[in-house]
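Topology and contacts: notes
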Amino acid sequence: MFDVLSRMLRTGILTEPLPTPAKPPHAETLQNNLWKILGRALCIRHVDAGSCNGCELEIQALNNPYYNLEGAGIKFVASPRHADLLLVTGPVSVNMEEALKRTYNAIPEPKLVIAVGDCGACGGVFGQSYASRGGIASVIPVHRTISGCPPDPAAILLGILEAVRNMRSEV
Amino acid sequence: MWPEFMEHRRTRLPSNIESHRLCVDREQWLQAAEGLHESGARLLTLWGADDRDRDRCFRIYAAYLLPKSMMVVEHAIADTTIPTYPSIASAFPAALRMQRAVYDLLGISTEEADTRAWLRHGGWPETVFPLRRDVDGKQQYPVIAEPYPFLAVEGDGVHEIAVGPVHAGTIEPGHFRFSVVGEKVLRLEERLGYTHKGVAKLFENLPQQEGQRLAARVSGDSAVAFSWAYCAALESTTSTTCPAKAIKLRALALEHERLANHLGDLGALGNDAGFAFGLTHFSRLKEDLLRTNAQVFGARYLMDYIVSGGVAIDLPDRCRGLLSRQYLNLEQEVTGLRAIYDEHAGVQDRFRDAGRLDHDLAQRLGAIGLTGRASGVACDLRVDHPWRPYDSSQPKLVMQTSGDVAARVQVRFDEIFESLRLCRVFLEDLSSGSVQIVVPLAEPNRLGIGLIEGWRGPVMIALETGTNGSIRRCHAHDSSWQNWPLIEYAILGNIVPDFPLINKSFNLSYSGQDG
């Protein structure tokens, strides 16, 4: 136990400022904005619609101490019925088309959809074929895309934050 | 032992490890499988090809790993109306799903009773076989859902829990059907194939020199292993020898990939055992390593680092010190965290005995890679079939015998230290010189194999060249194919709430399997 505690103390707080293009970032400001818009934390449901699993690794990294997504009042939830935002990766494989549509439909209105990665944005190296429908927008409505192969966590975080900032107008 | 024809008729096959090719008839196809099984060979992969345009037949290939070499057995199927071949699943159970996948893509079948589609979930008609040459892989079809009967378990109080394809977390899609009594799992049946993206067909539209980009995206967490395997296959068919520096940089990248994945898994395993502290610290270390990757290799994930003939960018000289410090820091931190894991009663209580895959079963079912090594199956291509530069760095075999979650955790810890040692060796001998040479266009109709020990296990690319620098057929194989069925056994008798922990301890690729 001593080792665990001393390691926590030695490591300290690593969380970095949130990325924003113009304004100085503040987790507190963001939390306040979320509170004004939603009245609670932003809940995200992620769906892998056929990804190579590269984007998943970078989305998982959002919860590491450097990005500390939960510290900004944003959390991943297990059920689409608890979600405000759907984060989708991959080209949509034909085998995942139905599951993606059902997940989308299960999210209560108002809802936001962000397509993550080059595949999510336009199909990437997989494009459209007998097995792939291409980008997410060919199956469900998409509000924002975050390109990259895979996009790094800061880019994903920025995409989520911008989507939240524009939430009123976008939804 | 081996039938006589196997000794005399085999020819050398271009590959980064010693490989042979054996063309057999229908009867010998099965004899070869049985002979190889008796000599202790393991099945690496199985794939088919449509060669009706060339010599009016279909072909089926099986690649086996022997103690000192690899063998590809090839059978030409002359009956193109109802093409069939004998199943090899009695000797190699891992072939079952691969044979079903071959049927879905090519329409060549075995006599096996389980004819349920594996990769085709109604997304294209059952009369369309996408890998056939007369099928345009670009055409889209509406999804028409088909029933997929799971084996039902009957009895007092038995009920089913259906999980997926969408799972409750940031993970890949797949379906698990549990038959349970109370909390106890009586049976698990997996259904995969949800992320099938038609990779094999896509390869056929790419020039040889660009195939590694797609290979790297077969399973993103194994991008280095797949892109290296692809390049190794291409380079061996063209007899290209990469510069020594490029080869060492590839190995450095491969070990970084292993380190990053093991660090991520160790954190996630701690978290699944209720020890969030582990996730915090291991995910911090993983992030540090990825940031180092960005400085050293130009990207956090090395999707496009390995290119045909070498690597995309040279290691900046200023990075040597950075890497040495990174390795030292990782070594110290992981040593400390390992002691915490080892001494934490709550964590060990969850790890030990959970999801046990004993040695006999692992051996019989053909476990491979990290999963195999945790169940006492001694196989690591870097040790048994060392290719450049592993042939001069003496990698050590890491093994555990208990086959439970704890064993898979310990293998990861030990492999981190061995990887760090290898990284230091590669970094120290990094000579000067170029990091890429030009790979000439390969002659048409040549088969080459690339076989690399990725962090999960062997990753293989079988590349058949076409005319004018095109790809005629390319088969990518992830070791997840072999290891997925093993989870159905490892979970037996465990409780449903332990499934996430057990599944994570294997951490197999869905995308790598689905293709």
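Residues numbered from 1 in each chain as written. Chains lettered and ligands numbered in written order. Predicted model: local features only at pLDDT ≥ 70, side-chain atom pairs only at ≥ 80, totals over all residues.

**Brief notes about the overall build of chain B**
The test is simple: Counting from the N terminus, the helices are DSSP H or I runs at least four residues long and the strands are E runs at least two residues long. Note on method: radius of gyration uses C-alpha positions; expected globular size equals 2.2 Å times residues raised to 0.38. Burial is judged by counting the other C-beta atoms within 10 Å of a residue's own C-beta: 20 or more makes it buried, 12 or fewer makes it exposed, and any count in between marks it as partly exposed, with every C-beta position built from the backbone. The contact rule is simple: place each C-beta atom from the backbone, and if two of them lie within 7 Å, those residues are in contact.
The helix and strand inventory of chain B stands at 18 helices and 13 strands. Relative to the globule expectation of 24 Å for 515 residues, the C-alpha radius of gyration of chain B, 22 Å, shows essentially globular dimensions. The principal-axis extent of the C-alpha atoms belonging to chain B is close to 70 × 65 × 50 Å. Within chain B, the fraction of its 515 residues that count as buried is 54%. In chain B, once contacts between residues fewer than 6 apart in sequence are set aside, the share between residues at least 24 apart is 67%.

**Brief notes about the overall build of chain A**
For chain A, the helix and strand inventory stands at seven helices and five strands. Element order for chain A, N to C, with α for helix and β for strand: α-α-β-α-β-β-α-β-α-β-α-α. Put simply, chain A has 171 residues, and 50% of those count as buried. In chain A, of all internal contacts separated by at least 6 residues, the share reaching a separation of at least 24 is 79%.

**What to know about the domain arrangement of chain B**
Residues and elements named next belong to chain B. Selection rule: Each domain's extent is set by a domain assignment, obtained either automatically or from a database. Residue type decides the class: Asp, Glu, Lys and Arg count as charged, Ala, Val, Leu, Ile, Met, Phe, Trp, Tyr, Cys and Pro as nonpolar, and the leftover types, Gly among them, as polar.
When its domains are assigned, chain B resolves into domain 1 (1-149) and domain 2 (153-192 + 479-515). Inter-centroid distance (C-alpha atoms) of domain 1 to domain 2 is 26 Å. The interface of domain 1 with domain 2 comprises six residues on the first partner and five residues on the second. Here the residues of the side of domain 1 that touches domain 2 are counted per class, giving four nonpolar, one polar and one charged.

**A word on the packing of helix α16 (residues 480-490) of chain B against helix α17 (residues 499-506) of chain B**
Residues and elements named next belong to chain B. As a reminder of what qualifies: Here, axes are lines fitted to C-alpha atoms. For helices the fit covers the stretch in contact, and angles between N-to-C directions go from 0 to 180 degrees. When describing relative orientation, an angle under 35 degrees is termed roughly parallel and one over 145 degrees roughly antiparallel, while 65 to 115 degrees is termed roughly perpendicular and anything else oblique. Crossings are classed by handedness, with left-handed meaning an anticlockwise turn of the near helix from the far one by less than a right angle and right-handed meaning a clockwise turn.
Contact geometry of α16 with α17 gives a least axis separation of 11 Å together with a crossing angle of 150°. As summarised for this structure, α16 and α17 are arranged roughly antiparallel, according to the angle between their axes. Helix-helix and strand crossings are classified by hand; for α16 and α17 the assignment is right-handed. Where α16 approaches α17, its residues Asn483, Ile487 and Ala490 are matched on the opposing element by Ile502, Asn503 and Phe506. Among the residues making up the contact of α16 with α17, the classes are represented as four nonpolar, two polar and no charged.

**Things to note about helix α2 (residues 26-38) of chain B**
In an α-helix, one turn spans 3.6 residues, which is why side chains three or four residues apart end up on the same side. Residues and elements named next belong to chain B. The cut-off we apply is this: What a helix is expected to span follows from its residue count: subtract one and scale by 1.5 Å. The directions considered for the arc run from the helix axis to the C-beta atoms.
Look at α2: 19 Å from first C-alpha to last across 13 residues, which is about the 18 Å you get at 1.5 Å a residue. Among all positions in α2, only Trp29, Ala32, Ala33, Gly35 and Leu36 are buried. An end-on view of α2 places all buried positions within 170° of arc, on one side of the element. The exposed set on the far side of α2, more than 90 degrees from its buried face, consists of Glu27 and Glu38. Summarising the contacts, the buried residues of α2 are in contact with α1 (4-8), β2 (19-24), β4 (58-65) and β5 (70-77).

**Brief notes about the nonpolar core**
Cut-off, in case you're wondering: Think of a nonpolar core as buried Ala, Val, Leu, Ile, Met, Phe, Trp, Tyr and Cys residues, each tied to the set through C-beta atoms within 7 Å.
Core analysis: the biggest nonpolar cluster contains 196 residues, and Val88(A), Ile114(A), Tyr64(B), Phe226(B), Ala229(B) and Ile461(B) have the highest contact counts within it. With 13 residues, helix α8 (residues 244-272) of chain B is the single largest residue contributor to this core. No fewer than three residues from each of domain 1 (1-149) and domain 2 (153-192 + 479-515) of chain B sit in this core. Apart from residues lying up to four places away in sequence, Ile461(B) is in contact with Ala215(B), Ala229(B), Tyr230(B), Ala233(B), Gly450(B), Cys474(B) and Ala476(B).

**Thoughts on the pairing of β5(B)**
All names here are of chain B. Selection rule: Strand pairing requires that DSSP identify at least two bridges connecting the strands.
Here β2 pairs with β5 via six bridges, running parallel. Paired with His20 across the bridge in β5 is Met71. Looking at chain direction, β4 and β5 are connected through eight bridges and run antiparallel. The residue of β5 that forms the bridge with Phe58 is Ile77.

**Some points on unusual backbone geometry**
Each neighbour pair has its own omega, and for Glu109(A) with Pro110(A) the value is -5°, a cis peptide bond. Positionally, Pro110(A) belongs in the loop between α4 (97-106) and β4 (112-116). Positive phi values are uncommon outside glycine, yet Asp353(B) reaches one of about 70°. Inspection of the secondary structure assignment puts Asp353(B) in the loop between α11 (345-351) and α12 (359-365).

**Some thoughts on the sheet that holds strand β8 (residues 184-191) of chain B**
Hydrogen bonding along the main chain pairs the strands of a sheet, whether they run parallel or antiparallel. All names here are of chain B. With antiparallel pairing, the three strands of this open sheet are ordered in space as β6-β7-β8. The strands lining the two open edges of the sheet, one partner per strand, are β6 (158-163) and β8. On average, each strand axis in the sheet is tilted by 20° relative to the strand beside it, whichever way the strands run. The pairing of strand β7 (residues 175-181) with β8 spans seven bridges and is antiparallel. Counted as the bridge partner of Phe178 is Leu188 from β8.

**Quick word on the sheet that holds β2(B)**
Residues and elements named next belong to chain B. If you trace the five strands from one edge of the open sheet to the other, you get β1-β2-β5-β4-β3, paired in mixed fashion. Of all strands in the sheet, those with a lone pairing partner are β1 (11-12) and β3 (42-50), marking the two edges. Note: β1 against β2, two bridges, orientation antiparallel. By the bridge assignment, Thr11 is partnered in β2 with Arg21.

**Description of the environment of Pro386(B)**
Residue and element names in this part refer to chain B. Of note, Pro386 is situated in the loop between α14 (381-384) and α15 (405-428). For Pro386, a count of 17 C-beta atoms within 10 Å puts it in the partly exposed group. Sequence separation between Pro386 and Phe282 is 104 residues; the distance between their C-alpha atoms is 30 Å. Once residues lying within four places of it in the same chain are set aside, the contact partners of Pro386 are Asp391 and Pro395.

**Quick notes on the interface of chain B and chain A**
Taken together, the contact between chain B and chain A spans 48 residues of the former and 42 residues of the latter. If you list the elements that add at least two residues to the side of chain B that touches chain A, you get α5 (199-203), α6 (211-215), α9 (276-296) and α10 (319-343) of chain B. Considering every element that reaches the side of chain B that touches chain A, the biggest residue donor is α9(B), with six residues. In the side of chain B that touches chain A, the residues fall into 20 nonpolar, 18 polar and ten charged.

**Let's talk about the environment of Val102(B)**
Residues and elements named next belong to chain B. Tracing the backbone shows Val102 in helix α4 (residues 95-106). For Val102, a count of 27 C-beta atoms within 10 Å puts it in the buried group. Linking Val102 and Trp47, residues 55 residues apart in sequence, is a C-alpha distance of 6.3 Å. Setting aside its immediate chain neighbours within four residues, Val102 contacts Leu46, Trp47, Gly48 and Ile108.

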